[in-house]
Amino acid sequence: QVQLVESGGGLAQPGGSLRLSCAVSGSIFSINAMNWYRQAPGKQRDLVAAITTGGSTFAADSVKGRFTISKDNAKNTVYLQMSSLKPEDTAVYYCNLGLLIRPGGDEYDYWGQGTQVTVSS
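What counts as what
Residues numbered from 1 in each chain as written. Predicted model: local features only at pLDDT ≥ 70, side-chain atom pairs only at ≥ 80, totals over all residues. Heavy atoms only, no water. Disulfide = S-S within 2.5 Å. Helix = DSSP H or I, 4+ residues; strand = E, 2+ residues; numbered from the N terminus. Buried < 20%, exposed > 50% of the residue type's maximum accessible area, 1.4 Å probe, protein only.

Asker: When you look at the state of the cysteines in this model, what are you seeing that I'm missing?
Answerer: What is meant by a disulfide is a covalent connection between two cysteines, made through their sulfur atoms. Scanning all chains against the criterion turns up one disulfide. The disulfide partner of cysteine 22 is cysteine 95, and the gap between their sulfur atoms is 2.0 Å. Given an S-S torsion of about 60°, the disulfide between cysteine 22 and cysteine 95 has right-handed geometry. Here cysteine 22 is found in strand E3 (residues 18–25), whereas its partner cysteine 95 is found in strand E9 (residues 91–100), with 73 residues between them in sequence. Given a relative accessible area of 0%, cysteine 22 falls into the buried group.

Below is the structure:
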């Protein structure tokens, strides 16, 4: 069974930092897509950052310069380093990975359980 296990959420003050982790539990062949989304109450789920297998990164304008996505291939783990946090960053954050379970197989879309990030003074 393959699962995504998220950790690192919590409470931070404005200007503070948090580091989110998303680790793959179970055997896979490769990770083909790596994304972080967030969803605030009453809002749609939005893409905030992505990283390719080659290491190229994307960040939404709202978080550019403050959030950094990275990966550790050996650990099958994706990270989101969040700095200079603002109250509007408050949301549930979800990792989203496209996984190839076995060579020659199909790619499947997996979601983490979500981790709450609250930014408040």
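Picking up where we left off.
Asker: I'm lost on unusual backbone geometry in this one. Help?
Answerer: Backbone geometry follows two general trends: most residues other than glycine have a negative phi, and most peptide bonds adopt the trans configuration. Unusually for a residue other than glycine, asparagine 76 sits at a positive phi of about 50°. By secondary structure assignment, the location of asparagine 76 is in the loop between strand E7 (67–72) and strand E8 (77–82). Judged by relative accessible area, which is 25%, asparagine 76 ranks as partly exposed. Positive phi, close to 50°, is recorded for serine 84, a residue that is not glycine. Structurally, the position occupied by serine 84 is in the loop between E8 and E9. Accessibility expressed as a relative area gives 40% for serine 84, which makes it partly exposed.

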